[in-house]
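# Observations on the three-dimensional arrangement
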Amino acid sequence: MPKRRSKFVCQECGYESAQWLGRCPNCGAFNTLVEELAEEAIPERTLRKEGASPVPAPQLRRRPLQRLSSGFGELDRVLGGGFVPGSVSILSGEPGIGKSTLLLQVAGQMAQRGQKTLYVTGEESLEQVALRVERLGVEDEGLLVLAETDVTAIGAAIETSRPTLAVVDSIQAAYHPLLTSSPGSVSQVRESAAHLLRIAKRTGTVLVLVGHVTKEGFLAGPKVLEHMVDAVLYLEGEAGYALRLVRATKNRFGPTGEVGVFRLNEKGLEEVPNPSEWLLSERPQPATGTVVAALMEGHRPLLVEVQALVAPNPFGMPRRVVTGLEIGRVLMVLALLERHLRVRFSDRDVFVNIVGGLRVTEPAADLPVALALLSSRLDVPLPSNVVAFGELGLTGEVRPVPQGEVRVREAKRLGFAQCFGPPEPKRRTSGHQPLWQVVSTLAEAVQQLGLIRPTK
């Protein structure tokens, strides 16, 4: 077979060159020329063929979508019910977060249920994979392991063995032999993924690619990679914590708001079906600066502990240290407390932490953060049976947040006696109304909890 030629194409304007250039002669952009395979010219007469006829929408018949369980209910929740045959997904995350461990467990459990699976490693030797397989307890004849980085060889192995699931770890380590650029480059990642995608669609194999992330936390490689695949999953977690979260930022076969909760131990990743109870299992007795927040992760309610520490600063430059929250929202809450409640924080060090290593982006954490800060500043402990949620506006009002009923129901299930939150529009009468303490302003919440202002 004759060797296909390559060309260098500017990603900004489309200018083509036979060799790499540091600066595009057409648009003047730097470092935008990327190597691509040159396509042969196709005669126009070969393009004039009759294609498929369009079908009116009422004549479409939706066939039931087949699903394959991954063996983890939490992962199936994120995927929308399980893998779809012929689908292509990519799982990315920080180094050492557990991507390879999770996918090897999935491949092993599917093999133990009688399905043939293929695990392709491009970053580890077969001996290293063997040690992990033994540690995870997923040894089975149906689990095939291949150490290869050439995508043409990987594709040939998939077409020959026809596995139900194929895992390629990682797409940044794979390369296409017709390209001269190094593995991990933009062109190599794009062409390698496209080659494997075509094979997966043709054979009906579920293909899962492992992807690296940049220092900003985004998927490494060309943005087109996310458009090519059917699902983009992220495995998140903080170093030093056992908690791991799987999120979907794109899913053609299910919702993108769901989250799967796992914990990492010596036997791999283990599901956490009741994350609220697990996160609050080691919560101390009533102490200053701590309160439970009722948050939402997708369609799942999650109760987490918010801790705050306010300490005097003798140096005149107060510090603001925030873990698990956006520091901008914490600074806004501090400004609200100073402006509307006349509580001074400008001469104090402030530390805020979300227990368990979670990263919270929901505005409903505003009210719990404010209560925890006040509790620490005034040295007044809050009752241990209190939950709070609500977004704070700049005028001091507590604004409604979605799915308030679900949050209160989760608090009642775990035995909490009071849940402070904003009123929900079109709120229906239910059995847990007495638990819901409706507050409209931050000052009202502070008054109902019995927090007093410090003396000047």
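Read on for an overview of the structure. (Residues numbered from 1 in each chain as written. Predicted model: local features only at pLDDT ≥ 70, side-chain atom pairs only at ≥ 80, totals over all residues. Heavy atoms only, no water.)

### A closer look at the overall build of the chain
Broken down by element type, the chain carries twelve helices and 21 strands. Expressed along its principal axes, the backbone C-alpha trace of the chain runs to roughly 85 × 55 × 55 Å. Within the chain, buried positions represent 49% of all 456 residues. Sequence-distant contacts in the chain: of pairs separated by 6 or more residues, those separated by 24 or more amount to 66%. (Helix = DSSP H or I, 4+ residues; strand = E, 2+ residues; numbered from the N terminus. Buried < 20%, exposed > 50% of the residue type's maximum accessible area, 1.4 Å probe, protein only. Contact = heavy atoms within 4.5 Å.)

### Some remarks on the state of the cysteines
Tallied over the entire structure, the rule returns zero disulfides. Cysteine Cys 27 shares no disulfide, and the gap to the nearest cysteine sulfur, in Cys 24, comes to 3.7 Å. (Disulfide = S-S within 2.5 Å.)

### Here we look at the sheet that holds strand S13 (residues 290–297)
Taken in spatial order, the seven strands line up as S15-S16-S14-S13-S17-S20-S21 in an open sheet, and their pairing is mixed. Each edge of the open sheet carries a strand with a single partner, namely strand S15 (320–323) and strand S21 (436–438). Averaged over all adjacent pairs, the angle separating strand axes in this sheet is 25°, with direction ignored. The pairing of S13 with strand S14 (residues 300–312) spans eight bridges and is antiparallel. The residue bridging Val 292 from the neighbouring strand is Glu 305, located in S14. Of the strands in this sheet, S15 and strand S16 (348–354) touch helix H9 (residues 327–341), which is tilted by about 130° from S15. (Pairing = 2+ DSSP bridges. Axes fitted to C-alpha atoms, helices over the stretch in contact; angles between N-to-C directions.)

### Let's talk about the nonpolar core
Membership of the largest hydrophobic core comes to 64 residues, with the highest contact counts inside it found for Leu 337, Leu 367 and Leu 373. Looking at which element gives the most residues to this core, the answer is helix H10 (residues 366–378), with eight residues. Within the second largest apolar cluster, 32 residues are counted, among which are Phe 72, Val 106, Leu 143 and Leu 269. (Core = buried A, V, L, I, M, F, W, Y, C linked by side-chain atoms within 4.5 Å.)

### Considerations on the pattern of salt bridges
Scanning the model with the defined rule gives 18 salt bridges in all. Here Lys 7 ties to Glu 16 by a salt bridge, and the two come within 3.2 Å at their closest N and O atoms. When the shortest N-O distance is used, the salt bridge between Arg 132 and Glu 124 registers 3.0 Å. On the accessibility criterion, Arg 132 (17% relative accessible area) is buried. Here the salt bridges share partners, and the residues they tie into one network are Lys 201, Asp 230 and Arg 252. (Salt bridge = Lys/Arg side-chain N within 4 Å of Asp/Glu carboxyl O.)

### Here's the deal with the sheet that holds strand S12 (residues 268–271)
Pairing in this open sheet of nine strands is mixed, and the strands run S6-S5-S7-S8-S4-S9-S10-S11-S12 from one edge to the other. Pairing within the sheet leaves two strands with one partner each, and these edge strands are strand S6 (143–147) and S12. Taken over all neighbouring pairs, the strand axes of this sheet differ in orientation by 25° on average, direction set aside. Pairing of strand S5 (residues 117–121) with strand S7 (residues 165–169), which is carried by five bridges, proceeds in the parallel orientation.

### Things to note about the pairing of S6
When S5 meets S6, the two strands line up parallel, connected through five bridges. When the bridges of S6 are listed, Val 120 appears paired with Leu 146. Read as a crossover between parallel neighbours, the route from S5 over helix H4 (residues 126–136) to S6 is right-handed. (Right-handed = clockwise from strand over helix to strand, strands pointing away.)

### Notes on the packing of H9 against H10
Two numbers describe a pair of packed helices, the interaxial angle and the distance between the axes. In contact at an axis separation of 10 Å, H9 and H10 are set at 60° when each is read in the N-to-C sense. In terms of their interaxial angle, H9 and H10 are classed as oblique. In the crossing of H9 with H10, the sense of the turn from one axis to the other is right-handed. Taken together, the residues of H10 that come into contact with H9 (itself represented by Arg 329, Met 332, Val 333, Leu 334, Leu 337 and Leu 341) are Asp 366, Val 369, Ala 370, Leu 373 and Leu 374. (Parallel < 35°, antiparallel > 145°, perpendicular 65-115°, else oblique. Left-handed = near helix turned anticlockwise from the far one by under 90°.)

### Quick word on the environment of Ala 308
Structurally, the position occupied by Ala 308 is in strand S14. In this structure Ala 308 comes out as buried when scored by relative accessible area, which is 8%. For the pair Ala 308 and Leu 371, spaced 63 residues apart in sequence, the C-alpha separation works out to 9.1 Å.

### A look at the packing of aromatic side chains
Under the definition given, this model contains two aromatic pairs. Aromatic pair Phe 72 and Phe 262: ring centres 5.6 Å apart, planes at 75°, arrangement edge-to-face. Of this pair, Phe 72 sits in the loop between helix H1 (44–47) and helix H2 (73–79) while Phe 262 sits in strand S11 (residues 259–265), and the two are 190 residues apart along the sequence. Judged on exposure class, the residue Phe 72 and its partner Phe 262 are both buried. Ring centres of Phe 389 and Trp 436 lie 6.1 Å apart, and the angle between their planes is 50°; on these two criteria the pair is classed as tilted. In this pair, Phe 389 sits in the loop between strand S17 (386–388) and strand S18 (391–392) while Trp 436 sits in strand S21, placing the two residues 47 residues apart along the sequence. (Phe/Tyr/Trp six-rings, centres within 6.5 Å; stacked < 30°, edge-to-face > 60°.)

### Details of helix H11 (residues 404–413)
For H11, the set of buried residues is Gly 404, Glu 405, Arg 407, Val 408, Glu 410 and Ala 411. The elements touched by buried residues of H11 are helix H8 (275–279), S13, S14, S17, strand S20 (418–421) and S21. Among the residues trailing H11, Gly 415 stands out with phi positive, at a value near 90°.

### What to know about unusual backbone geometry
Trans is the common state for peptide bonds, and a negative phi is the common state for residues other than glycine. Cis peptide bonds are those with omega within 30 degrees of zero, and the linkage from Asp 169 to Ser 170 qualifies with 5°. Note on placement: Ser 170 falls in the loop between S7 and helix H6 (186–203). We note that Gln 403 has phi near 55°; this positive angle belongs to a residue other than glycine. For Gln 403, a relative accessible area of 29% puts it in the partly exposed group.

### Quick notes on the pairing of S12
A regular strand places its side chains on the two faces of the sheet in alternate fashion. Two elements, S11 and S12, share four bridges in a ladder whose sense is antiparallel. Note on S12: the bridge partner recorded for Phe 262 is Glu 271. In this antiparallel pair of consecutive strands, S11 and S12, the connection spans two residues.

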